[in-house]
Amino acid sequence: MLEPLHIVIDSREQQPWAWQPSDATTEMKGLSAGDYALLSDCEAVKGCKTLAVRFAIERKSLDDFLGTISGGWERFQRELIRMELFPARVVIVESNFADCCFTNDASGDLVPPEHNHPAMNPTFIARRISELTMQGVCVLFAGDAALASGLAYRIFRRRAEACRV
């Protein structure tokens, strides 16, 4: 049987992901980068209120992600710099890429996407994702919060295994 992971959740998370106790235990603390990290990847720094992190996952709702890649781009680039030495930089979006795009209804009319950035062009979104990819950032669309937390768990499980070797 696998030992439960010990996951630290950034104290600014308003509705944190949850896992079964047999899979993971959690605690809330300030993280220097990212939203979720394994405790084994965190280190207290004297005089600092946040934990230094060697690897973390960034969580985004669709609206947050779209705002980040548009008006929040410069701030997000600074966040990515803090994650530069991570073995992987991972952003999990709680949505599907198709939710970013216009669709056609039964009559063939274009229907705008259901997010707070309907004027945002899918080509622009794809360009930003490709820019992030070329910076070594993995943007993973996970459907919803439940699927996103499951994907994060698998990534953390793999990270824990890799660190044991």
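Structural data are supplied above this passage.
The following refers to the structure shown. (Residues numbered from 1 in each chain as written. Predicted model: local features only at pLDDT ≥ 70, side-chain atom pairs only at ≥ 80, totals over all residues. Heavy atoms only, no water.)

### Description of the overall build of the protein
And step 1. Looking only at helices and strands, one finds four helices and ten strands in the protein.
And step 2. Split into buried and exposed, the 165 residues of the protein put 41% on the buried side.
And step 3. Of the roughly 9400 Å² that the protein leaves accessible, carbon and sulfur atoms contribute 55%. (Helix = DSSP H or I, 4+ residues; strand = E, 2+ residues; numbered from the N terminus. Buried < 20%, exposed > 50% of the residue type's maximum accessible area, 1.4 Å probe, protein only. Areas by Shrake-Rupley, 256 points an atom, 1.4 Å probe, with all protein chains shown as cover.)

### Description of the layout of surface pockets
And step 1. There is about 420 Å³ of room inside the largest pocket.
And step 2. Forming the walls of the largest pocket are 15 residues, and the residues nearest its centre are Arg12, Glu13, Asp35, Arg59 and Asp64.
And step 3. Of all the secondary structure elements, the ones that give two or more residues to the lining of the largest pocket are β6 (57-60) and α2 (73-82).
And step 4. Per-element accounting of the lining of the largest pocket gives the leading share, three residues, to β6.
And step 5. Each residue belonging to the lining of the largest pocket can be placed in one class, and the counts come to no nonpolar, four polar and eleven charged. (1 Å grid on protein atoms, 1.4 Å probe; cavity = no way out; pocket = protein on both sides within 12 Å on 5 of 7 lines; lining within 4 Å. Points joined across faces, edges and corners; volume = space filled by probe spheres on them. Nonpolar A, V, L, I, M, F, W, Y, C, P; charged D, E, K, R; others polar.)

### Things to note about the packing of helix α1 (residues 62-69) against helix α3 (residues 122-134)
Relative placement of two packed helices is described by the angle separating their axes and the distance separating the axes.
And step 1. It is at 10 Å that the axes of α1 and α3 come closest, and there the two elements cross at 75°. As judged from the angle between their axes, α1 and α3 are roughly perpendicular. Residues Phe65, Leu66 and Ile69 of α1 form the contact with α3, whose participating residues are Phe124, Ile125, Arg128, Ile129 and Leu132.
And step 2. In terms of residue class, the contact of α1 with α3 is made up of seven nonpolar, no polar and one charged. (Axes fitted to C-alpha atoms, helices over the stretch in contact; angles between N-to-C directions. Parallel < 35°, antiparallel > 145°, perpendicular 65-115°, else oblique. Contact = heavy atoms within 4.5 Å.)

### Structural notes on the packing of aromatic side chains
And step 1. If you walk through the whole model with that rule in mind, you get seven aromatic pairs.
And step 2. Ring centres of Trp17 and Trp19 lie 6.2 Å apart, and the angle between their planes is 80°; this geometry places the pair in the edge-to-face category.
And step 3. Given a relative accessible area of 5%, Trp17 falls into the buried group.
And step 4. According to the relative accessible area criterion, Trp19 is buried, its value standing at 13%. (Phe/Tyr/Trp six-rings, centres within 6.5 Å; stacked < 30°, edge-to-face > 60°.)

### As for the nonpolar core
And step 1. Within the largest apolar cluster, 45 residues are counted, with the highest numbers of intra-cluster contacts made by Ile7, Phe65, Ile92 and Leu132.
And step 2. Ranked by residues supplied to this core, first place goes to helix α4 (residues 145-164) with six residues.
And step 3. Not counting chain neighbours up to four residues away, the residues in contact with Ile7 comprise Trp19, Ala24, Thr25, Thr26, Glu27, Tyr36, Ala37, Leu38 and Phe156. (Core = buried A, V, L, I, M, F, W, Y, C linked by side-chain atoms within 4.5 Å.)

### A word on α1
And step 1. Those residues of α1 not exposed but buried are Leu62, Phe65, Leu66, Thr68 and Ile69. Along the long axis of α1, the arc covered by the buried residues comes to 160°, so they all point the same way.
And step 2. Here the buried face of α1 lies against β6, α2, β7 (89-93), α3 and β10 (137-141). (Arc of directions from axis to C-beta.)

### A closer look at the pattern of salt bridges
And step 1. Considering all chains together, one arrives at 13 salt bridges under this definition.
And step 2. A salt bridge links Arg158 to Glu161; its shortest N-O distance comes to 3.9 Å. Placement of both Arg158 and Glu161 in helix α4 is noted, with a separation of three residues, approximately one turn of the helix.
And step 3. When salt bridges that share partners are traced, they join Asp41, Glu43, Arg54 and Arg159 into one network. (Salt bridge = Lys/Arg side-chain N within 4 Å of Asp/Glu carboxyl O.)

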